[in-house]
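Given next are the chains, with one letter for each unit.
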Amino acid sequence: MIPESKIPDLWAAARRVPTSDRVPYAFEKRVMSALPATGLRAPAGAAIAGLWRAALLSVAVAMMASGLDFAVQDPLGEPGVEETLELAVLPADDVESDL
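Below is a short write-up of the structure. For clarity, every value in this text was computed on a predicted model and none was experimentally measured.

A few words now on the overall build of the chain. Check the secondary structure of the chain and you find four helices and zero strands. The order of α-helices and β-strands along the chain, N terminus first, is α-α-α-α. Relative to its 99 residues, the chain shows a buried fraction of 1%. Here the chain has roughly 9,800 Å² of accessible surface; of this, 67% comes from carbon and sulfur atoms.

Put into structure tokens, the structure is as follows:
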């Protein structure tokens, strides 16, 4: 730990050091060399990964909703989709025709 009395001396010593272009370049090299090690992805890669996660989640929710719909019995006994479609498309058998 640096005592409070030494801090002004350190600032004065730092001001006496001439500036150099090598320090920013060296700092940039250190930072750029450390970036691949962090495992950061490009913004496009992160967006694509997020879209895949959302697509998989949507498929999972759709499958669960469909399974729940098929598992639950209709308490009112109303005709299902198949019966309703059959009644709409095919003629009724019990209709008497007048000839």
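There is more to say, and it comes next.
Together, F27, V31, M32 and L35 make up a nonpolar patch on the protein surface, roughly 360 Å² of accessible area in all. Relative to the helices and strands, M32 resides in helix α2 (residues 22-38).

A few words on the layout of surface pockets. As a volume, the largest pocket reaches approximately 240 Å³. Taken together, ten residues form the lining of the largest pocket, with D69, F70, V72, G80 and V81 sitting closest to its centre. For the lining of the largest pocket, a count of residues per class yields four nonpolar, two polar and four charged.

Cut-off values and rules
Residues numbered from 1 in each chain as written. Predicted model: local features only at pLDDT ≥ 70, side-chain atom pairs only at ≥ 80, totals over all residues. Heavy atoms only, no water. Helix = DSSP H or I, 4+ residues; strand = E, 2+ residues; numbered from the N terminus. Buried < 20%, exposed > 50% of the residue type's maximum accessible area, 1.4 Å probe, protein only. Areas by Shrake-Rupley, 256 points an atom, 1.4 Å probe, with all protein chains shown as cover. Patch = residues over 30% accessible without salt bridge, like charges linked within 9 Å, V, L, I, M, F, W, Y side chains within 5 Å. Salt bridge = Lys/Arg side-chain N within 4 Å of Asp/Glu carboxyl O. 1 Å grid on protein atoms, 1.4 Å probe; cavity = no way out; pocket = protein on both sides within 12 Å on 5 of 7 lines; lining within 4 Å. Points joined across faces, edges and corners; volume = space filled by probe spheres on them. Nonpolar A, V, L, I, M, F, W, Y, C, P; charged D, E, K, R; others polar.

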